[in-house]
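Structure at a glance
Each chain is listed here by its residues.
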Amino acid sequence: MLWLVRLSGLCSAAMVMVVLSPSFQSFPPAEAIRSSHYLRAPSGRYHRVAAVSDFADRYGFRRAPSFRNAADCEVPSADGTSVCDPSLVHIAITLDEEYLRGSIAAVHSVLTHARCPESVFFHFLVSQPGLEPVVRSAFPGLRFKAYYFDPDRVRGLISTSVRQALEQPLNYARNYLADILERCVRRVIYLDSDLVVVDDIAKLWRTGLGSRAVGAPEYCHANFTKYFTPRFWSDRQLAAAFAGRRPCYFNTGVMVLDLVRWRRSGYTRQIEQWMEVQKGGEAPGGPGRIYELGSLPPFLLVFAGHVAPIEHRWNQHGLGGDNVKGSCRDLHAGPVSLLHWSGSGKPWARLDSNRPCPLDHLWAPYDLYGPAVA
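First, a word on what this report is: a plain description of the structure on this page. (Residues numbered from 1 in each chain as written. Predicted model: local features only at pLDDT ≥ 70, side-chain atom pairs only at ≥ 80, totals over all residues. Heavy atoms only, no water.)

Bringing the pairing of strand β6 (residues 187–191) into the picture now. Burial analysis of β6 places 5 of its 5 residues in the buried class, which makes it a mostly covered element. Residues Arg187, Ile189 and Leu191 line one face of β6 and the alternating positions Val188 and Tyr190 line the opposite face, and both faces are buried. Strand direction decides the pairing type here: strand β3 (residues 89–95) and β6, joined by 2 bridges, are parallel. Considered in β6, the bridge of Ile91 is made with Ile189. Of the strand pairs in this sheet, β6 and strand β11 (residues 254–258) are connected by 5 bridges, and their pairing is antiparallel. (Buried < 20%, exposed > 50% of the residue type's maximum accessible area, 1.4 Å probe, protein only. Helix = DSSP H or I, 4+ residues; strand = E, 2+ residues; numbered from the N terminus. Pairing = 2+ DSSP bridges.)

So, on to the state of the cysteines. Linking two cysteines covalently through their sulfur atoms gives a disulfide. A complete count under the given rule lists 4 disulfides for this structure. Cys73 shares a disulfide with Cys116; S-S distance 1.9 Å. Taking the sign of the S-S torsion, about -75 degrees here, the bridge from Cys73 to Cys116 comes out left-handed. One end of the pair, Cys73, is in the loop between α2 (55–59) and β3; the other, Cys116, is in the loop between α3 (100–113) and β4 (120–126), with 43 residues separating them in the sequence. (Disulfide = S-S within 2.5 Å.)

A word on the environment of Lys145. Within the secondary structure, Lys145 sits in strand β5 (residues 144–148). Between the C-alpha atom of Lys145 and that of Phe122, which follows or precedes it by 23 residues, the distance is 6.6 Å.

Here it is, written out as structure tokens:
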């Protein structure tokens, strides 16, 4: 469904329910490449897994309805579908305790609006045990795999950032998708955990990338120079990284990745090399940092100017406000297919504190945390 709205000011709950009303669908059995026996509950205690059916309840998540959004969608066989099935739409998203509520809402939104949610396969990147049974309980029959991302793989490359959340190792797992996912997965959509999709995700999946390895909405009007320090721009050798290309800012929270081209060009190593330059610059006696943000600048250094442009409707970002303190933002002009609360303010935190921004009410219908409401 194309969601053509231009919002400014207050958004009523009635409008939310009319525009974003759920539909129903069914799924084959879940898959996971690793199992966990313990889950840290909100109280901080660990619970032994007794039955997956009550796992989400223990953690505080309700079970989502099953979805049957179109009669002509192919229903997979009872034994599930291989991750290598070429008809699948692949989505990668991280799972951690701090953002689990957002990840669950993001999955819920995708299933709600996908014409054929049976064809969607989720790849969850985790670095702590026990979270995938929560997903399995909240979404019975969801097709997914959980992949362990070792924080030590990237911890030594991470530099301090303007916001502590940007320093978490799992925030860098997207850099390694080409290594982590099965080789038969040729393309994947990467989604952050602080967004909701309000359109059929298959439309984004079908976006042509041409000869590019990354597709994302670009914002060429943004001041690109601010993403790097004066030291970077004053060093001719460093600044030459952008020679011969017109770099534009793009947000790495929503990307379509061609993993075949990525693997062929060795982009993971190229990103790591820029992170090494940053770490060397901030070391005692070093020449200085080349950027201040977390995982974004290395992506810009490798891909800016070489990105397949995607419609802005697929990343209405910045709804979380600035990175110093949260602030309410309005949507960009134009149609909306995805709302993204990038920035320091998260909708679940503001809703719980009874100080929501107007657009936070557009996230609320997909929230499965807490007791059922009438």
